[in-house]
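Remarks on the overall topology
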Amino acid sequence: MNSTYASSYIGKRAIKLASPVTSPQELLNRRPGIVATAGGPLGVRQHIRFRGFSDGAFTEEFDGIPLNNAFTGYSVSRANRIPITINNISGVKIYDGVNNPSVSGPQSLAGTINYLPKKPTKHFYASGGIGYGSFDTFLWNATVNTGSFYGLQSYLSYNRQASDGWVANSQTQNSNYYYAGLIPYDHEKGKISLYAIVNRNIANKPRSIAAPLIAKYGYDYSYPSSLRSDLYKDTKLTAILDDKNIVNRFLTTNFKFYVKNNIESELEYHNPDFYQSAQYPYIYKSLYFSDYDLYQKGAPSYDPEKAFGSVTKGTDFRYAPTVTTTVGFIPQFILTLPDNLVTIGAQTYFAKQHDGEFWYGDANVPQIPGYNDTYDEHYTRIFASPYIQDDIRLFDGLIHVTPGIKYIFSHISTSEDVGYEYPLGANLTASSNTSFVAPSVGINLHTWRPLSFYFAWGKNVEVPYASETDGAIQKNKAGNYVIAPIHLQPEYVNDYEFGTRLHYAHAQLSVKLYRENLTNIFNSVMNPITGLTVEINNGNELAQGIELGARYTFGHILLGSWQGYANYSLNTRKYEYTTSYDVPGESVDGSNYSSINVGLNWNWGSLQANLNGRYVSARRLHNYITGRIGKLTIPAYFLLDLGMNDRIKLHNTFAKSVDLSLTLDNLLNRQYFAYGYADTDYYNQYYLNGEVGMPRAVFGTVTVRF
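Here the structure is a predicted model, which is why all the values come from computation and not from measurement. (Residues numbered from 1 in each chain as written. Predicted model: local features only at pLDDT ≥ 70, side-chain atom pairs only at ≥ 80, totals over all residues. Heavy atoms only, no water.)

Re empty space enclosed by the protein
Applying the stated criterion across every chain, the model contains six cavities of 30 Å³ or more. Approximately 490 Å³ is the volume attributed to the largest cavity. Taken together, 35 residues form the lining of the largest cavity, with T22, E26, R614, D641 and D665 sitting closest to its centre. Mapped by element, the contributors of at least two residues to the lining of the largest cavity are β2 (34-38), β32 (607-616), β35 (637-649) and β36 (657-665). Of the residues that constitute the lining of the largest cavity, the class distribution is 16 nonpolar, 14 polar and five charged. Considering only enclosed or pocket space, the second largest cavity measures out at about 190 Å³ in volume. (1 Å grid on protein atoms, 1.4 Å probe; cavity = no way out; pocket = protein on both sides within 12 Å on 5 of 7 lines; lining within 4 Å. Points joined across faces, edges and corners; volume = space filled by probe spheres on them. Helix = DSSP H or I, 4+ residues; strand = E, 2+ residues; numbered from the N terminus. Nonpolar A, V, L, I, M, F, W, Y, C, P; charged D, E, K, R; others polar.)

Examining the environment of T37
Note that T37 resides in strand β2. Once the C-alpha coordinates of T37 and T22 are considered, the two residues, 15 residues apart in sequence, prove to be 9.8 Å apart. Residues within four places of T37 in sequence aside, it is in contact with E26, R45, Q46, H47, Y637 and A674. Engagement of the side chain of T37 in a polar contact is seen with the backbone oxygen of A674, the distance being 2.7 Å. (Contact = heavy atoms within 4.5 Å. Polar contact = N/O pair within 3.5 Å; in protein donor to acceptor, adjacent residues only side chain to side chain.)

Quick notes on the sheet that holds strand β7 (residues 89-96)
In spatial order, the strands read β1-β7-β8-β5-β6; together these five strands make up an open sheet with mixed pairing. At either margin of the open sheet sits one strand with a lone partner, and together these are β1 (7-10) and β6 (65-66). The pairing of β1 with β7 spans four bridges and is classified as antiparallel. What sits directly across from Y9, in β7, is K93. (Pairing = 2+ DSSP bridges.)

Overview of the environment of A550
If you trace the backbone, A550 turns up in strand β29 (residues 540-556). By relative accessible area, A550 is classed as partly exposed at 32%. Separated by 40 residues in the primary sequence, A550 and S510 place their C-alpha atoms 6.5 Å from one another. Setting aside residues no more than four positions away along its own chain, A550 makes contact with Q508, L509, G564, Y565 and A566. (Buried < 20%, exposed > 50% of the residue type's maximum accessible area, 1.4 Å probe, protein only.)

Brief notes about a nonpolar patch on the surface
Where nonpolar side chains cluster on the molecular surface, the patch consists of F250, F333, L335, L337, I344, I388, I405, Y407 and V437 and spans about 710 Å² of accessible area. With respect to the secondary-structure elements, I344 resides in strand β18 (residues 340-360). Relative accessible area serves as the criterion here: at 35%, I344 is assigned to the partly exposed category. (Patch = residues over 30% accessible without salt bridge, like charges linked within 9 Å, V, L, I, M, F, W, Y side chains within 5 Å. Areas by Shrake-Rupley, 256 points an atom, 1.4 Å probe, with all protein chains shown as cover. Salt bridge = Lys/Arg side-chain N within 4 Å of Asp/Glu carboxyl O.)

A look at the sheet that holds strand β14 (residues 209-210)
Taken together, three strands build an open sheet; the order of strands is β14-β38-β37 and the sheet is antiparallel. Of all the strands in the sheet, just β14 and β37 (673-680) have a single pairing partner and so form its edges. Taken together, the seven bridges between β37 and strand β38 (residues 686-692) define a ladder with antiparallel strand orientation. Bridge pairing in β38 links T680 to Y686.

With respect to unusual backbone geometry
Residue D136 is not a glycine yet carries a positive backbone phi of 55°. As for its position among the elements, D136 is in the loop between β9 (125-133) and β10 (137-149). Among the residues examined, D136 registers a relative accessible area of 41% and is labelled partly exposed. Within the chain, H187 stands out as a residue other than glycine whose phi angle is a positive 55°. Residue placement: H187 occurs in the loop between β12 (172-185) and β13 (190-204).

Right, here's the structure in full:
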């Protein structure tokens, strides 16, 4: 009630009653303004929008550690990137819009999502479980909580899941290893925590399929593997060492050190005879080496025609590996004064990434720079963001004011080895430095105990990513490779938030309004004299919306106790000024939508159940020729999910209890598109290309606790 910013929380109950194939991001669907979908189970091919912004324009964290890739901004989208699973978390905190500096990250245009880690407890227990469900999904898990052993508390778990997916040729396997350790010191005034996650995913990535093909061949249609396949492998390590100490009654310190390492690869096969034509009108035009001049001086030496008889047969396999390593340090000092809570801290990290793209005529693709690579890139980023904020309590808590300010510095550099995109580009390097000062202030007025009002304003930025610097290495009109000038500043946002909260008796109501003015949007402009395309800041956007929420505890009625919730959101984004193909006044592609979430929670003894429904309105898509919103839409849909769990206590046995869980997702068996975009066919006609969402699915699990 006293918070000067908008925030919400998803707790253990929602996690416990979620389907075992639910990702942490899909838990967020019960929140207004968030739409999270997946093209496959276990978090495969996820897409998430937060207030109309897509992945990369908001920060996702685990225990305050950013999960976003330092060079793309993405956390999970567009591939099988799975840093965490619901087995690793105990709750989720969602912070809307530009928040106080200790919360918001460099990508927090829409907000910040912080997944809270599972922690060990002082008492020993162990458990093991198995489960099975739709799409031939099988899972098993094992957990040990050691209790306190000479002060050290440890929690270890392993979760294994495998599924065939709901579309053809989309099998996936996921293995998750998790450790959480805690040891107190200084008479429990301080504690050191260690969290480590290793998640390994192997999947045939679901493809986007033309809506006319789905209508013709069925909801589970995908291209046969003889025509297209896409094997994706991803291994992510996240390790956090956290030292928190109450030094005295005035000072608390918190130091976090973390390491993230990601090794991913994609092996894509494209049959040479499978190309856009009258026979296959909906297939996009494929990129083969024939699009490059193979005989430029200094170009890579691989000749696909000589090796395999033709260029297309010699380039039907594409292999793209990526290795990313990030090392970070987050210090924080909290001063507790009579009417002030002052927080001083910083977010810092150093990151490196190496990625490439290699083509060959069979699945054993050589990875030889200067031989068969399109590109071979090396990135480096240095990021630092010190901040200070205050929480001022005035008039005996009647008013809370939270001013804050942070400084953001980012350096990114890109170097290119010889490749078909850069045949003369050995050791070409481009770099960019950006800095920004981001102030913020929030005010909360709490004149009546059940009712409060708040207003917040703040600035934040989206720093340039790798695509803005690697695109600087180009060929000019003279045929020479040069570094195009980089004059980029961050995209930044002025965010205005207003809201009210009412907590009275068994009811909770909330109203939130927001308006975000985005300026300095990244755009590409070609210089007709030099022939170089330069990345500049030359666009403005307006994002705004309203969010309504209600929750009511009915108490005991007939059988068991009941609680209900409902929320509504309307989120819009439109261009105000741009020199690209987008037309001012037109909405940003797929970003205008409304959503309604409703739910009913029930408890009767140890038996728990949730019934959750969500409606997402149609989202209109851009016609990229005219720059205006076209007639194509991602159709609206309504989904209903049911989750149930019961714990049966056992007596006079080695086991203490058995947990039985049953979930029914998409209870009404709605057919819908989880993701979609506009594309053109062989006859240059627009059509919807997309990924279908999960149909009705049933999953059951049994967990024995010792």
